[in-house]
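Listed here are the chains, written in short residue letters.
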Amino acid sequence: FSEPPLLAPAPLAMAVAVSCCQVPAVSSGSQQEPSRWSILRSLPMLLGGRARRPAADLPKYWTRSQSELGKEGSSGSCSNDNLDAPAAEDHFYPVPLEDRRVLETLMNRTSKDREVEFHLVRAVRLENPDLWKRYQERAARVKRRRGRCTFAGRGRPMTTCSLAGVEELSDGFPAELDSEICEAYLWHATKPQAAAKILREGFRISQRSAVGKRFGCGGYFSEDAAKADAYSAAGEGIYKDCYAMLLCRVVLGKQLHTNLFRWEGAAQQAAGAHDALVAEPRCASYREYVALEDAQIYPEFALVYERRPVQTASTCLTRSISPDAPMYWTSGASCGQSVHRAVSDPEVLTCVQSLMDLTWVRAFTWERKDSKGTMIYHDDPNHDMPEGITVLKVLRLEDSDMWGSYRQTRHQIRSERHGQQVARSPHAEQLHVRTARTDLPLCARADLDQSVNEVYLWHGCSPQAAMSILERGFPEQPGCGGTGRRAGMFGEGYYLVDCTSKADEHSEDDKEGFYRGYYAMLLCRVVLGNAEVTDKADMRAHERVGRGRAFDSTVGFQEASDGTFSEFVVPERSQIYPEYAIVYERIYSTPRVR
């Protein structure tokens, strides 16, 4: 097929062998009994024709109930008032956090590369009744034509064997596989964007494909996650430094076996008499699987992940060449050169999670809404108030131009104010910034300039809006989710907060793609300078703030008046450096589908 890259030869050292074991049946019956998948797939043969797919043929662990699917047909949208989820017209269903850990374990367990481990950022399950029906019909056809099949070569794929030692997901995965037609879970790696297209359209095996033809046209898979990862490619934007891998159900059926490294006519020779090809090149520790028909493949899980060395060196020891840049930058920019780079920083992720937990305050405000946009009341009957958040990914912005503008503004405010700090007001002595208790590594916060009230503050937005800000800075006009300069309770300006729970009220999830149901937040350096502190709303506060005026920022100290949250407003975007972009999910007291 043409869009995503197919598996092709590449050198990859694989020194650790993984032993295969017999996989016990998931059901409580003995292994001698025919599985329910085998019985269902035999229906067309028993009825003497092409049987209609019964509702029970859908996997039992799918998010939507059988009754809902029966009402919907194949429209794909689930309407459950208790679900805090966007409509699933694309059939993507996010895998819960506890279940992602199991999938991450499976990825690393089936990897023969012990120098790199995979960290799962995002996982979605495809629940497409139409693609599933097509897959089941092909499986029934293979069973009818081939009878009982056996795995060629060295036997069962490593992925199938490893499932025996992986804890079952709470919703029923791993699913029972039909060994009579050599059904297996296999890996296919690609770009995140290409993986999303496969989930929407299914695999498309094309004779015109220019890649993956070492054994002819087909869908190429691996049992080894590291081998598959060798053919993945990093995404762009919010997928920066992220890769994608599909965990697919594949009906191998009757397989043509070869020990050759290349045989471009293999697929053509196998067509008709075989359903798949298994290549075990001599003197190689890996195997490749080639499915000949796209209907033999059901891309059940899409996993977005990061590569991490097993032993990581501290990025704090790496200095930028430029003396004007922060010491912990990793971009090698010399003086006079411009650098723009968003760096995935796993080391900071734990620190950011700690800071977000410290600054989370459970409080009900008029801006806290449920999934329908309705204000959440204090009794919270549906448990719509999040209990906290879990960080999935952290990007650090290393932009020399944006940093230079911020640094210049900081210097100007320092020169104008001559060391002035918070303006005298009835509540100035009570004011404290929660993020001052920052848990970031020392090298990431030691150079905050207290003489100009430089602090870290939060700004909530969507994942796509966060990437746009990292690319171009805060917009000068009002943007998506209030990311631009806007008017508010304390006049016009850019609004930031010191509580993650308040920033989360303004966060949005992406409406499509892998990050649907996930939110974003920016952790920004902010120069407050001489701040006017007030505990009352003042829509004209901006008239006293800015260059040549009495103040450099406004602090709405609402904790003093109504016990909620403080808001920090600056008039210029150059007073803000969006240093960290955080993608996260909300955690609720009761399990729910997102």
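1. Focus: the environment of Glu137
Counting through the fold element by element, Glu137 comes out in helix α4 (residues 129–146). Looking at Glu137, the relative accessible area reads 26%, which means it is partly exposed. In this structure, the C-alpha to C-alpha distance between Glu137 and Ala295, residues 158 residues apart in sequence, is 8.5 Å.

2. A short note on the side chain of Asn128
Tracing the chain through its elements places Asn128 in the loop between β2 (116–126) and α4. At 3.2 Å, the side chain of Asn128 forms a polar contact with the backbone nitrogen of Leu131.

3. Description of the packing of aromatic side chains
In total, this model carries 11 aromatic pairs according to the counting rule given. Ring centres of Tyr135 and Tyr298 lie 6.1 Å apart, and the angle between their planes is 45°; on these two criteria the pair is classed as tilted. Residue Tyr135 is located in helix α4, and its partner Tyr298 is located in strand β9 (residues 297–309); the two are separated by 163 residues in the primary sequence. No difference in accessibility class separates Tyr135 from Tyr298, as the two residues are buried. The cationic tip of Lys227 hangs over the ring face of Tyr286; the distance from NZ or CZ to the ring centre is 3.9 Å. Here the guanidinium or amino end of Arg586 rests over the ring plane of Tyr519, the centre of that ring lying 3.8 Å away.

4. Looking at the pairing of strand β7 (residues 276–279)
Covered by surrounding structure in β7 are Ala276 and Val278 together with Leu277 and Ala279, the residues of both alternating faces. Note: strand β6 (residues 255–258) against β7, four bridges, orientation parallel. Residue pairing across strands places Thr258 opposite Ala279, the latter belonging to β7. As judged from the four bridges shared by β7 and strand β8 (residues 288–291), these two strands associate in the antiparallel manner.

5. Observations concerning the nonpolar core
Ranked by size, the top nonpolar core spans 65 residues in total, and within it Met356, Trp458, Leu522, Val526 and Ile582 carry the most contacts. No other element matches the eight residues that strand β15 (residues 519–527) contributes to this core. In this structure Ile582 touches Val352, Met356, Val391, Lys393, Val394, Trp458, Tyr519, Ala520, Met521 and Leu523, once residues within four positions along its chain are discounted. By size, the runner-up hydrophobic cluster in this structure holds 56 residues, among which are Tyr135, Ile198, Leu199 and Ala225.

6. Focus on helix α6 (residues 192–201)
Listed as buried for α6 are Pro192, Ala194, Ala195, Ala196, Ile198 and Leu199. On its buried side, α6 packs onto β1 (92–94), β2, α4, β3 (183–190), β5 (243–251) and β9. Phi turns positive, to about 80°, at Gly202, one or two residues after α6.

7. Here's the deal with unusual backbone geometry
Phi angles above zero are rare outside glycine, and Cys182 is one such case at about 55°. Take Cys182: it is sitting in the loop between α5 (158–162) and β3. Phi is positive for Asn453, which is not a glycine, with a value near 50°. Residue class for Asn453 comes out buried when judged on its relative accessible area of 14%.

8. Section: the environment of Val583
The topology assignment puts Val583 in strand β19 (residues 576–587). Taking relative accessible area as the criterion, Val583 reaches 4% and is therefore assigned buried. Separated by 192 residues in the primary sequence, Val583 and Val391 place their C-alpha atoms 6.2 Å from one another.

9. Re the state of the cysteines
Under the criterion given, the structure shown has zero disulfides. As a non-bridged cysteine, Cys461 has Cys524 as the owner of its nearest cysteine sulfur, 8.4 Å distant.

10. Describing the pairing of β8
Going residue by residue along β8, you find Glu288 and Val290 tucked away on one face and Tyr289 and Ala291 tucked away on the opposite face as well. Across four bridges, the pairing between strand β4 (residues 219–222) and β8 is antiparallel. Counted as the bridge partner of Tyr220 is Val290 from β8.

11. Looking at the pattern of salt bridges
For the structure shown, the criterion picks out 28 salt bridges. A salt bridge links Arg586 to Asp504; the nearest nitrogen and oxygen atoms lie 3.0 Å apart. With a gap of 82 residues between them, Arg586 in strand β19 and Asp504 in helix α12 (residues 500–505) connect regions that are remote in the sequence. Here Arg586 falls in the buried class, since its relative accessible area comes to 10%. Here Asp504 falls in the buried class, since its relative accessible area comes to 0%. One salt-bridge network, in which partners are shared between bridges, spans Lys143, Arg148, Asp178 and Glu180.

So, how was this worked out
Residues numbered from 1 in each chain as written. Predicted model: local features only at pLDDT ≥ 70, side-chain atom pairs only at ≥ 80, totals over all residues. Heavy atoms only, no water. Helix = DSSP H or I, 4+ residues; strand = E, 2+ residues; numbered from the N terminus. Buried < 20%, exposed > 50% of the residue type's maximum accessible area, 1.4 Å probe, protein only. Polar contact = N/O pair within 3.5 Å; in protein donor to acceptor, adjacent residues only side chain to side chain. Phe/Tyr/Trp six-rings, centres within 6.5 Å; stacked < 30°, edge-to-face > 60°. Lys NZ or Arg CZ within 6 Å of the ring centre and 35° of its normal. Pairing = 2+ DSSP bridges. Core = buried A, V, L, I, M, F, W, Y, C linked by side-chain atoms within 4.5 Å. Contact = heavy atoms within 4.5 Å. Disulfide = S-S within 2.5 Å. Salt bridge = Lys/Arg side-chain N within 4 Å of Asp/Glu carboxyl O.

Keep in mind that these numbers describe shape and distance, not what the molecule does.
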